[in-house]
Amino acid sequence: MNQMKKKILSVLLTAITALLICTPAQAADTVPKQVVIELEAVSEEKEHYLPKEQADYIVTLKNKLGPSWLRVKFTFTGKNVDRTFSDKSLNIQDGWIKQGDYFYYTKKAEAYTDYTVVKGVEIPDIVPSGEGASVTISVYGEAVQYDGFTPDFESGEPWKGAEIKHASQISGTSSYCSSGSSFTTKLITLYSSPQEKGNPMEGRWELADAKNHAWKYQNSNGNYAKNGWIYVKNPYCHNKEQYDWFHFDKDGIMTVGWYRTDGGVWYYCHEVSDGNLGMLVKGWHEDDQDGKKYYLDKKTGIMLSGWQEIDGHSYYFAEASEAPKQTWFWKRFGDTGFGKWIYDCLGFRSYGSMYVNEKTPDGQRVNEEGIKE
């Protein structure tokens, strides 16, 4: 009998929404304005699965911050197989209903609460029809702020009219072997956003350009990490057993410095070649370019804004609407193909920068350390 083992695959997805501050007195006591959700999948991995076999597969959606509405979508794409998975193979739990392509959670998702989406999956009767048979599984998750919006679950579009500021997706491939109709699985290792921990990728680092300190990462199958985040061991770190998050662009080049997603979410990757180059930074960051302090969520690395409770103190970080103009610009270095975000607007406040020794937009005051008085 094959030895079974549990492995955890987590997908961090983040939805950023604008939230009005109701009263000055409440501003510093509420949860962060960002909606942060973590999708965790715990699966039983065996060397082979048989058709119609029930596999342990539990998908949990963790609401890490403020109250929200949640939905999830699964898509399946086959290559050289006679049929593939569908979401009908998933044992969806109570509280979730399907409308259109999405499964919607019909109740308020409370802050700091976990919700089970799937508990078990039936392996379909699949026959490989050629070499390289595989199925690619993509998972999409989205959230909107709970306040000020009520879904209509009787309609075909429960979220009609809701503005989704940010969404995450992740894809992975299961490879099929030719012995009968059994197959083996390969866990997903490329993430659209970082989280507290992830499924480690095994491979090797490759120096693409020594002059520009440009690195690539190749997994054990010979594929380069591109357009996403990976969770890998950093052999150049002082703690050689430490795993960290690294981002790679569409060309497979490791990101250093600030990184902004298409949805306007900011992260910061260490940009000094001291053994931690490219590592996702979490917590406080004082930027060398504009001299301002920023705070990056300790679990997700997301740059936070608005009022935040940090180590027992209240701080205020500029909202996007409070930055009078763009202050950071993407600039390329000649014809090298490399570039980074540059602060190029002296005297103007940047999105996410901490207020210091001044009044906040809601009329409260912070001292020279940024702490609310």
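The structure displayed is predicted, hence computed values, not measured ones.

What counts and how
Residues numbered from 1 in each chain as written. Predicted model: local features only at pLDDT ≥ 70, side-chain atom pairs only at ≥ 80, totals over all residues. Heavy atoms only, no water. Helix = DSSP H or I, 4+ residues; strand = E, 2+ residues; numbered from the N terminus. Buried < 20%, exposed > 50% of the residue type's maximum accessible area, 1.4 Å probe, protein only. Contact = heavy atoms within 4.5 Å. Areas by Shrake-Rupley, 256 points an atom, 1.4 Å probe, with all protein chains shown as cover. Polar contact = N/O pair within 3.5 Å; in protein donor to acceptor, adjacent residues only side chain to side chain. Salt bridge = Lys/Arg side-chain N within 4 Å of Asp/Glu carboxyl O. Core = buried A, V, L, I, M, F, W, Y, C linked by side-chain atoms within 4.5 Å. Pairing = 2+ DSSP bridges.

Asks: Explain the overall build of the protein here, please?
Replies: Scanning the protein from N- to C-terminus turns up one helix and 24 strands. Considering the protein as a whole, with its 373 residues, one finds that 49% of them fall into the buried category. Taking the intrachain contacts of the protein between residues at least 6 apart in sequence as the baseline, contacts between residues at least 24 apart amount to 63%. Just so you have it, the protein exposes about 18,500 Å², and 47% of that area is on carbon and sulfur atoms.

Asks: Before we go on, may I ask you to explain the side chain of serine 314 in this structure?
Replies: Relative to the helices and strands, serine 314 resides in strand 20 (residues 313-317). One polar contact links serine 314 to glutamate 309, side chain to side chain, over a distance of 2.5 Å.

Asks: Looking at this model, I keep getting lost on the side chain of serine 353. Mind explaining?
Replies: Positionally, serine 353 belongs in the loop between strand 22 (339-343) and strand 23 (358-359). Taking relative accessible area as the criterion, serine 353 reaches 2% and is therefore assigned buried. Not counting residues within four places of it along the chain, the set of residues in contact with serine 353 comprises Lys292, Lys293, Tyr294, Tyr316, Phe317 and Ala318.

Asks: Would you mind going over the pattern of salt bridges with me for this structure?
Replies: Opposite charge on two side chains lets them pair, provided their charged atoms get close. A complete count under the given rule lists nine salt bridges for this structure. Lysine 298 is paired through a salt bridge with aspartate 311; the nearest N and O atoms lie 4.0 Å apart. Taken together, the positions of lysine 298 in the loop between strand 18 (293-296) and strand 19 (306-310) and aspartate 311 in the loop between strand 19 and strand 20 put the pair 13 residues apart, joining distant regions of the chain. Measuring nitrogen to oxygen at the nearest pair gives 3.0 Å for the salt bridge that ties aspartate 344 to lysine 331. Of the two residues, aspartate 344 is situated in the loop between strand 22 and strand 23 and lysine 331 in strand 21 (residues 328-332); the sequence distance between them amounts to 13 residues. Given a relative accessible area of 43%, aspartate 344 falls into the partly exposed group.

Asks: Explain the nonpolar core to me, please; I cannot follow it from the model alone.
Replies: Inside soluble globular proteins, nonpolar side chains tend to come together where they are buried. Among the nonpolar cores identified, the biggest contains 23 residues, and Leu61, Leu70, Phe74 and Trp96 are the most heavily contacted of them. Listing elements by their share of this core, those giving two or more residues are strand 2 (35-45), strand 3 (54-63), strand 4 (68-79), strand 7 (102-105), strand 8 (113-122) and strand 9 (134-145). Discounting chain neighbours no more than four positions away, the residues touching phenylalanine 74 are Leu90, Phe103, Val118, Ser138 and Val139. Ranked by size, the runner-up nonpolar core spans twelve residues in total, among them Met201, Trp215, Ile230 and Phe246.

Asks: Honestly, the pairing of strand 18 in this entry has me stumped. Any pointers?
Replies: Within a regular beta strand, the side chains point alternately toward one face of the sheet and then the other, so they alternate between its two faces. Sheet analysis places strand 17 (residues 283-286) next to strand 18, joined by four bridges and oriented antiparallel. Paired with glycine 283 across the strands is leucine 296, a residue of strand 18. In sequence, strand 17 turns back onto strand 18 through a hairpin of six residues, with glycine 291 there showing a positive phi of about 70°.

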